[in-house]
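So you can see what is in the structure, the chains are spelled out below.
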Amino acid sequence: QMSSVSADDVGTDTIDDISIARSETMFRIRTITAFVILLPSDFDPRTKITNGNETKTTSGLQTKIEACHAVLQDLRNRFEAEGYDVQTVRISTNPFEEWLLEDAANDSSNSQSAIQRLSALDSILQTHDIQFCSLGPSHDPSHTRVYCPLIVEHSPRFCCSANVRAADVEAAHAAADCIRTISALRSHDYLEGGLGNFRFCAASSCRDFIPFFPGSKCCRSKNSDDETVRFAVGLENGKLAHHLLSKAKSLTNISTVFRQGMVDALSPLERICQTVANTNDAYTYLGIDSSLNPSLDEGGSVAAAIETLEEVRGDFGGSGTLAAAACITTALQSLDRDHKITLTGYCGLMLPLLEDERLAELQDLKISQLLSISSVCGVGVDTVPLPGECPASDISSLILDVAGLAGGGGKSFCRR
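Residues numbered from 1 in each chain as written. Predicted model: local features only at pLDDT ≥ 70, side-chain atom pairs only at ≥ 80, totals over all residues. Heavy atoms only, no water.

### Topic: the overall build of the protein chain
1) Next: Of regular secondary structure, the protein chain possesses twelve helices and ten strands.
2) Next: Relative to its 416 residues, the protein chain shows a buried fraction of 55%.
3) Next: If you sum the accessible surface of the protein chain, you get close to 16,800 Å²; carbon and sulfur atoms cover 47% of it. (Helix = DSSP H or I, 4+ residues; strand = E, 2+ residues; numbered from the N terminus. Buried < 20%, exposed > 50% of the residue type's maximum accessible area, 1.4 Å probe, protein only. Areas by Shrake-Rupley, 256 points an atom, 1.4 Å probe, with all protein chains shown as cover.)

Set out below in structure tokens:
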């Protein structure tokens with residue numbers, strides 16, 4: 001398994017429609033993601049004096065995860081108090097090569113140290129009920145082959161990626177080898193059937209601060225120190241997409257009806273995030289990823305939503321699909337116009353084959369068609385099922401195709 005959307009006919013009661021959409025749970029908050037910088041020294045024990053003059057052993061790691069937990073829990077509570085369903089809270093770090101590996105010249109020492117640090121991190125995440133943690137990308141093919149499978153195997157909470165630039169054959173081969181290695185892991189139930197590959201991806205040109213996993217990562221900022229907690233939000237909104245695109249009816253109305261509907265839907269989230277950011281100088285709100293992201297619920301398919309548009313002829317993938325994808329993506333990426341919605345992440349169309357019921361039904365849909373659509377929708381080819389005996393060379397060629405698209409278009413692309 002490779003686990004790499006005439007104006008006079010449309011009403012103007014968008015805000016009322018969104019109220020109905022919320023009551024019918026047309027979208028969920030898929031993730032609230034906190035971003036934090038980790039350092040090797042964060043794993044060193046520290047002695048802390050409590051109010052009772054008792055000593056307590058802690059660490060920089062624990063302090064940083066606790067700070068992330070505080071903002072995540074605050075946001076979850078506020079969202080849920082206003083009726084939103086929050087599915088997961090997550091943490092994303094800087095690339096693991098910057099803090100997980102102790103001695104670059106000693107693979108044996110690195111593996112032992114990595115396991116110890118992964119265990120320490122996993123224990124703290126479990127204590128604070130953090131469901132997932134992205135450890136960022138590998139930039140070294142040897143690290144991709146050795147440490148990415150180790151990370152995925154160690155805990156069902158861990159995700160990671162491998163950075164693959166356009167025409168970087170060695171990196172693509174390493175990512176393909178990693179995918180095959182992960183698909184064969186059987187040490188835990190959460191790895192059976194290649195499921196580990198849902199938590200690894202080959203990433204190309206991925207920008208920082210994407211809230212969705214496994215391509216998520218962060219970096220140091222000139223305007224903040226390593227103690228700053230930055231956060232972003234991602235949605236699961238296939239039903240909302242279907243509602244708004246059915247209302248728009250035509251590409252002509254995407255920039256008005258669809259776009260305004262998205263602004264109205266996200267504005268309450270924006271207000272809550274801004275409020276939380278203003279409560280603490282150590283918090284920085286990065287934005288919402290406006291991407292259309294399907295669910296497996298009835299009516300949750302993004303592909304089916306796009307098929308409701310008049311210009312899309314026949315099944316998704318047919319004539320008009322690429323034009324629709326381009327038009328919807330342009331609208332999604334313009335929600336920050338007039339400073340209405342703060343944006344971060346992909347802000348495009350998510351078309352995961354194994355996570356969109358309509359896509360899964362289309363037996364004649366080819367990867368080449370998805371690649372063509374991806375060239376304008378800004379996410380990549382995702383959750384493509386492959387035979388277990390698929391050669392690594394075939395996988396690496398697909399990875400290079402997507403990397404070529406990303407490099408040529410300046411887009412953040414991932415493939416599982």
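So much for the structure itself; the text now carries on.
### So, the pattern of salt bridges
1) Next: Applying the stated criterion across every chain, the model contains 17 salt bridges.
2) Next: Here Glu355 and Arg416 are joined by a salt bridge, their closest N and O atoms 3.6 Å apart. Linking Glu355 in the loop between helix 9 (321-332) and helix 10 (357-361) with Arg416 in the segment after strand 10 (413-415), this pair joins segments that are 61 residues apart in sequence.
3) Next: With a relative accessible area of 25%, Glu355 lands in the partly exposed category.
4) Next: Overall, the relative accessible area of 8% leaves Arg416 in the buried class.
5) Next: A salt bridge links Asp382 to Arg416; its shortest N-O distance comes to 2.7 Å. Within this pair, whereas Asp382 is found in the loop between helix 11 (367-377) and helix 12 (392-409), its partner Arg416 is found in the segment after strand 10, the two being separated by 34 residues in sequence. The burial state of Asp382 is the same as that of Arg416; both residues are buried.
6) Next: One connected set of salt bridges, linked through shared partners, spans Arg28, Asp85, Glu236 and Asp297. (Salt bridge = Lys/Arg side-chain N within 4 Å of Asp/Glu carboxyl O.)

### Digging into the sheet that holds strand 9 (residues 283-289)
1) Next: Across the sheet, which stays open at both edges, the eight strands sit in the order 9-8-1-4-5-6-7-10 with mixed pairing between neighbours. Both edges of this open sheet fall to strand 9 and strand 10, since each of them pairs with a single strand only. Across this sheet, the average inter-strand angle for adjacent strands is 25°, counted without regard to direction.
2) Next: As paired elements, strand 1 (residues 28-36) and strand 8 (residues 229-236) share seven bridges and run antiparallel to each other. Note on strand 8: the bridge partner recorded for Thr31 is Gly234.
3) Next: Lying over the sheet, helix 5 (residues 169-183) contacts strand 6 (158-163) and strand 7 (200-204), oriented at roughly 165° with respect to strand 7. (Pairing = 2+ DSSP bridges. Axes fitted to C-alpha atoms, helices over the stretch in contact; angles between N-to-C directions. Contact = heavy atoms within 4.5 Å.)

### As for the packing of aromatic side chains
1) Next: Per the stated rule, a full pass over the model turns up five aromatic pairs.
2) Next: A ring pair is formed by Phe35 and Phe209, whose centres lie 5.3 Å apart and whose planes are at 90°; its orientation type is edge-to-face. With Phe35 in strand 1 and Phe209 in the loop between strand 7 and strand 8, this residue pair connects regions lying 174 residues apart in the sequence. For the pair Phe35 and Phe209, a shared accessibility class is recorded, and that class is buried.
3) Next: Pairing Phe43 with Trp99 gives two aromatic rings, centres 5.8 Å apart and planes at 10°, and the pair type is stacked. One end of the pair, Phe43, is in the loop between strand 1 and strand 2 (45-49); the other, Trp99, is in the loop between strand 4 (86-93) and helix 3 (107-127), with 56 residues separating them in the sequence. Accessibility assignment for this pair places Phe43 and Trp99 in one class, buried.
4) Next: Ring pairs connect the aromatic residues Phe27, Phe79 and Tyr84, which therefore count as one cluster. (Phe/Tyr/Trp six-rings, centres within 6.5 Å; stacked < 30°, edge-to-face > 60°.)

### Considering the environment of Met26
1) Next: Turning to its location among the elements, Met26 is positioned in the loop between helix 1 (14-23) and strand 1.
2) Next: Take Met26: its relative accessible area is 14%, and that puts it in the buried class.

### A closer look at empty space enclosed by the protein
1) Next: The computed volume of the second largest cavity comes to approximately 40 Å³.
2) Next: The class makeup of the residues in the lining of the second largest cavity is two nonpolar, four polar and four charged. (1 Å grid on protein atoms, 1.4 Å probe; cavity = no way out; pocket = protein on both sides within 12 Å on 5 of 7 lines; lining within 4 Å. Points joined across faces, edges and corners; volume = space filled by probe spheres on them. Nonpolar A, V, L, I, M, F, W, Y, C, P; charged D, E, K, R; others polar.)

### Let's talk about the nonpolar core
Across soluble globular proteins, nonpolar side chains show a tendency to be buried alongside one another.
1) Next: By size, the foremost hydrophobic cluster in this structure holds 114 residues, and its most contacted members are Phe79, Ile91, Phe258, Ile328 and Leu349.
2) Next: Ranked by the residues each element gives to this core, the list is headed by helix 7 (residues 254-277), at twelve residues.
3) Next: Apart from the residues lying within four places of it in its own chain, the contact partners of Phe79 are Ile29, Ile32, Tyr84, Val86, Val233, Leu269, Ile272 and Cys273.
4) Next: Grouped together as the second largest cluster of nonpolar side chains are nine residues, Cys201, Tyr346, Met350 and Val379 included. (Core = buried A, V, L, I, M, F, W, Y, C linked by side-chain atoms within 4.5 Å.)

### A few points about the pairing of strand 6
1) Next: Judged by how many residues are buried, strand 6 sits mostly within the fold: five of six residues are covered.
2) Next: Looking at chain direction, strand 5 (residues 132-138) and strand 6 are connected through four bridges and run parallel. Bridge pairing in strand 6 places Ser134 opposite Cys159.
3) Next: In this fold, strand 5 hands off to helix 4 (residues 141-154), which returns the chain to strand 6; that crossover is right-handed.
4) Next: Of the strand pairs in this sheet, strand 6 and strand 7 are connected by four bridges, and their pairing is parallel. Across the sheet, Ala162 pairs through a bridge with Ala202, a residue of strand 7.
5) Next: Each parallel crossover has a hand, and for strand 6 linked through helix 5 to strand 7 it is right-handed. (Right-handed = clockwise from strand over helix to strand, strands pointing away.)

### Quick notes on the pairing of strand 1
Residues in a regular strand project their side chains so that they alternate between the two faces of the sheet.
1) Next: Of all nine residues that make up strand 1, eight are buried, and the element is covered over most of its length.
2) Next: Relative to strand 4, strand 1 is paired through seven bridges, and the arrangement is parallel. Bridging across to strand 4, Ile29 finds its partner in Val86.

### Remarks on unusual backbone geometry
In terms of backbone geometry, most residues other than glycine have negative phi values and most peptide bonds are trans.
1) Next: With omega at 10°, the peptide bond leading from Phe213 into Pro214 counts as cis.
2) Next: Of note, the phi angle at Ala167 is positive, near 65°, even though the residue is not glycine.

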